[in-house]
Amino acid sequence: MRVTRLLPAAAAVLALAGCGSSGDTKAVPPTATGSLESLAAQVKCTPNMQTDADELRQAICKNGDGRFILATFATDRGQREWINDAKDYGGYYLVGRKWVAVGDDGVVKALRGTLGGDVEIGTNHAEHSAHGG
């Protein structure tokens, strides 16, 4: 029983030890928090609002690193549901507490250097069909 309690802790240590993308040698800052506008200000973009609702605020942003979508959520559950649905379309997702930034690999890596967070990768259906499944 004691071993099963240690497994999640061991997995967390491995994740923090840098089992991420190769070539990422810079330290990741603490994950940013705040409103969509404050997150946008940190990465030097003026958000072009697409959705402004109580449960979801979403904007298109562009800065020196490229173009990306920035979204904030009222709840953790709403965020996870949005990410799970969106990942079917592919892309790279920088995930923080109640926020996500979506863009190509280079943009997401650059944003992570400022905002912190965790990178998740969407499903690439074109790649799956090329391999017969």
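Here, the structure is the one placed above.
Just so it is clear, the structure is predicted and the values come from calculations on it, not from any experiment.

Would you take a moment to explain the pairing of strand β2 (residues 56-63) for this structure?
For a regular strand, side chains alternate in direction, first toward one face of the sheet and then toward the other. Taken across its eight residues, β2 has six buried, putting it largely inside the fold. By the bridge criterion, four bridges tie strand β1 (residues 48-52) to β2 in an arrangement that is antiparallel. Of the residues in β2, the one forming a bridge with Asp-52 is Arg-57. Turn length for the β1-β2 hairpin, with the two strands adjacent in sequence and antiparallel, is three residues. Between β2 and strand β3 (residues 66-73), which pair antiparallel in sequence order, lie two residues.

What is the right way to look at unusual backbone geometry in this model?
Across the chain, the bulk of peptide bonds are trans and the bulk of non-glycine residues have phi less than zero. A positive phi angle, close to 60°, is found at Lys-44, a residue other than glycine. Tracing the backbone through its elements, the reader meets Lys-44 in the loop between α2 (36-42) and β1. We classify Lys-44 as exposed; its relative accessible area is 70%. Phi angles above zero are rare outside glycine, and Lys-98 is one such case at about 65°. Relative to the helices and strands, Lys-98 is located in the loop between β4 (92-96) and β5 (99-103). Taking relative accessible area as the criterion, Lys-98 reaches 28% and is therefore assigned partly exposed.

Reading guide: rules and limits
- Residues numbered from 1 in each chain as written.
- Predicted model: local features only at pLDDT ≥ 70, side-chain atom pairs only at ≥ 80, totals over all residues.
- Heavy atoms only, no water.
- Buried < 20%, exposed > 50% of the residue type's maximum accessible area, 1.4 Å probe, protein only.
- Helix = DSSP H or I, 4+ residues; strand = E, 2+ residues; numbered from the N terminus.
- Pairing = 2+ DSSP bridges.

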